Amino acid sequence: MNRSIVAAVGVTALVTSVPLVWLNARQEGEYRRFIAAGDAAIARDQTFEAIEAFTGALTLKPDSTIARLKRGDTYRRRGEFASAVRDLAEASALDATSPRPLELLGDARGAMGQNEQAARDYERFLELDDRAPRVVYKLGLAYYRAGNLPRAVETLQRAVSLDQRFAEAHYMLGLCLRDTEPAQAERALLRAVEVDPAFTAAREELVALYTTSNPLKALEQLEALSTLEPSRPERQVRVGLAQASLGRRDAAVLTLSRAADRHPDAAIVYAALGRVWLEVAESQGDRIALSKAIEALAPAATWPTATSSTLALYGRALYLSGDPAAAERALRRATLQCPVDPSAFAYLADAAERLGHTQAARDASASHAALVAD
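Source: prediction; values computed, not measured.

Definitions and limits used
Residues numbered from 1 in each chain as written. Predicted model: local features only at pLDDT ≥ 70, side-chain atom pairs only at ≥ 80, totals over all residues. Heavy atoms only, no water. Helix = DSSP H or I, 4+ residues; strand = E, 2+ residues; numbered from the N terminus. Rg over C-alpha atoms; globule rule 2.2 N^0.38 Å. Contact = heavy atoms within 4.5 Å. pLDDT = per-residue confidence, 0-100. Axes fitted to C-alpha atoms, helices over the stretch in contact; angles between N-to-C directions. Parallel < 35°, antiparallel > 145°, perpendicular 65-115°, else oblique. Left-handed = near helix turned anticlockwise from the far one by under 90°. Nonpolar A, V, L, I, M, F, W, Y, C, P; charged D, E, K, R; others polar. Core = buried A, V, L, I, M, F, W, Y, C linked by side-chain atoms within 4.5 Å. Buried < 20%, exposed > 50% of the residue type's maximum accessible area, 1.4 Å probe, protein only. Polar contact = N/O pair within 3.5 Å; in protein donor to acceptor, adjacent residues only side chain to side chain. Phe/Tyr/Trp six-rings, centres within 6.5 Å; stacked < 30°, edge-to-face > 60°. Lys NZ or Arg CZ within 6 Å of the ring centre and 35° of its normal. Salt bridge = Lys/Arg side-chain N within 4 Å of Asp/Glu carboxyl O. Expected span 1.5 Å × (residues − 1). Arc of directions from axis to C-beta.

Here's the deal with the overall build of the protein
The secondary structure content of the protein amounts to 20 helices and zero strands. For 374 residues, the compact-globule estimate of 2.2 N^0.38 gives 21 Å, and the C-alpha radius of gyration of the protein, at 33 Å, exceeds that figure by more than 25%. Each principal axis of the C-alpha distribution contributes one length, and for the protein these read about 130 × 40 × 40 Å. Contacts in the protein between residues far apart in sequence, at least 24 positions, make up 45% of those at least 6 positions apart.

Printed below as a string of structure tokens:
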């Protein structure tokens, strides 16, 4: 009798457990299908569909760290940072031993400008894995953005010690040191461009560092930038103007003339070329250089986008050529463009005085004095 009861109970338990096992297996299959669908949507850059899929997975498994992490990262990619922080913080709470949610959480908070909180997330990551130069760099960047430069410098030095070829870390270290330790900043920025010669932001910082201390080195970096980005006319303009400031006016004219051939619709090139020719004309009393200045500046001055500086140069060239009336018209236009070039008022005062417009000349001189004082 007892054996019959035991057997009956065993059969009943078996019959009851089979549907449960089947149900769990089906649920697990659906969960995996949602995860795979979300990953596939991410690969297609379909973030909305990915969020729907990961949400489906979380419906089946609310405590799934991986689904919470994937949805949080997808929210972060979409720029929905508050939702990203919610999911990523939950993922981290579900698995306190996993560093990945902490890194993404720091990324999301940093994107929201919560740099001190981001730094804490990265610090918690590094408590779990202290040999990740990428996250050490992010921690240094968070300190920099939070205004804590001493901690930023210390952390970024640690990042480059972990990876000597981490160009971005060398660059950020240079930014942190540029105002207090220019020699160290120079070394860090030079290392950044040594590792990555196409790192334009680092070269721009070197230009800023060298502009007053070593103009020749600044010119070298400007030439490198021009070579890296030949499609940007402003790169060649900066080279030409730097050459002119060093007294290499022939080289400047050649650089800017070639730029004009490559970029015939770039007013900035013609304005720069006109500026150099005008400097030659004024310094040497060269009438040929003056005519070339007018030739370069005239088309740039007629464009609707002409700047106050361009119009001021054109007006000055016209004045020196012996046409004060045309100069006055151009210079009045220059004083109406914002931002206004203060020299436009000084040149206008000369032209107005030549024409006998005494009050206009006084007003222009007063405006120039006020702008220069300001």
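What to know about the confidence of the model for the protein
Low pLDDT marks regions whose predicted coordinates should not be analysed in detail. Per-residue pLDDT for the protein has a mean of 92; in total, 94% of the residues score no lower than 70. Segment residues 6–18 is flagged for pLDDT under 50; beyond a separation of four residues in sequence, or across chains, it makes zero contacts in the model.

Points about the packing of helix 13 (residues 233–245) against helix 14 (residues 249–262)
Interaxial distance between helix 13 and helix 14 falls to 7 Å at its minimum, and their mutual angle equals 165 degrees. In terms of orientation, helix 13 lies roughly antiparallel with respect to helix 14. For helix 13 against helix 14, the interelement crossing comes out left-handed. Two secondary-structure elements touch here, helix 13 through Gln236, Val237, Val239, Gly240, Gln243 and Ala244 and helix 14 through Arg249, Ala251, Ala252, Thr255, Leu256, Ala259 and Arg262. For the contact of helix 13 with helix 14, a count of residues per class yields seven nonpolar, four polar and two charged.

Side note on unusual backbone geometry
The omega angle of the peptide bond from cysteine 338 to proline 339 is 0 degrees, so this bond is cis rather than trans. Considering the arrangement of structural elements, one finds proline 339 in the loop between helix 18 (324–336) and helix 19 (342–354). The phi torsion at aspartate 45 lies on the positive side, around 60 degrees, for a residue other than glycine. With respect to the helices and strands, the residue aspartate 45 is situated in the loop between helix 1 (2–43) and helix 2 (47–60).

Observations regarding the nonpolar core
In terms of nonpolar packing, the biggest core is built from 45 residues, with Tyr314 and Leu331 touching the most fellow members. Looking at this core, the elements that each hand over two or more residues are helix 13, helix 14, helix 15 (267–284), helix 16 (287–302), helix 17 (308–320), helix 18 and helix 19. The element best represented in this core is helix 15, accounting for nine residues. Not counting residues within four places of it along the chain, the set of residues in contact with leucine 331 comprises Leu311, Ala312, Gly315, Arg316, Ala344, Tyr347, Leu348 and Ala351.

A few points about the environment of threonine 307
With respect to the helices, strands and loops of the structure, threonine 307 is situated in the loop between helix 16 and helix 17. Sequence-wise, threonine 307 and aspartate 341 are 34 residues apart; in three dimensions their C-alpha atoms are separated by 8.6 Å. Within polar-contact distance, the side chain of threonine 307 engages the side chain of threonine 310 at 3.0 Å.

Let's talk about the packing of aromatic side chains
Taken as a whole and judged by the stated rule, the model has three aromatic pairs. Note on tyrosine 137 and phenylalanine 166: the rings are 5.0 Å apart at their centroids and 45 degrees apart in plane angle, and the pair reads as tilted. With tyrosine 137 in helix 7 (residues 133–145) and phenylalanine 166 in the loop between helix 8 (149–162) and helix 9 (167–177), the pair connects residues that are 29 residues apart, well separated along the chain. Taken as a pair, tyrosine 137 and phenylalanine 166 share a single burial class, namely buried. Consider the rings of tyrosine 171 and phenylalanine 199, whose centres lie 5.0 Å apart with planes at 50 degrees: the pair is tilted. One end of the pair, tyrosine 171, is in helix 9; the other, phenylalanine 199, is in the loop between helix 10 (182–195) and helix 11 (200–213), and 28 residues separate them in sequence. When its relative accessible area of 15% is taken as the criterion, tyrosine 171 is described as buried. Its relative accessible area of 12% is what places phenylalanine 199 among the buried residues. Above the ring of phenylalanine 34, the side-chain terminus of arginine 33 is found at 4.8 Å from the ring centroid.

Points about the packing of helix 13 against helix 15
Look at helix 13 against helix 15: their axes get within 9 Å of each other, and the N-to-C directions meet at 10 degrees. In terms of their interaxial angle, helix 13 and helix 15 are classed as roughly parallel. Along its contact with helix 13, which presents Pro233, Glu234, Val237, Leu241 and Ala244, the element helix 15 presents Ile268, Val269, Ala272, Arg275, Val276 and Glu279. Of the residues belonging to the contact of helix 13 with helix 15, the class tally is eight nonpolar, no polar and three charged.

What about the pattern of salt bridges?
Scanning the entire structure with this criterion turns up 29 salt bridges. The salt bridge involving lysine 217 is made with glutamate 186; its shortest N-O contact spans 3.7 Å. Here glutamate 186 lies in helix 10 and lysine 217 lies in helix 12 (residues 215–228), a separation of 31 residues in the sequence. Residue lysine 217 is classed as partly exposed on the basis of its relative accessible area, which comes to 33%. Arginine 332 is paired through a salt bridge with glutamate 328; the nearest N and O atoms lie 3.3 Å apart.

Thoughts on helix 14
With 14 residues, helix 14 should reach 20 Å at 1.5 Å per residue; the first-to-last C-alpha distance of 20 Å fits that figure. Those residues of helix 14 not exposed but buried are Ala252, Val253, Thr255, Leu256, Ala259 and Ala260. Within helix 14, the buried residues cover an arc of 165 degrees as seen down the axis, which keeps them to one side. Facing away from the buried surface of helix 14 by more than 90 degrees, the exposed residues are Asp250, Asp261 and Arg262. Of the surrounding secondary structure, the elements contacted by the buried residues of helix 14 are helix 13 and helix 15.

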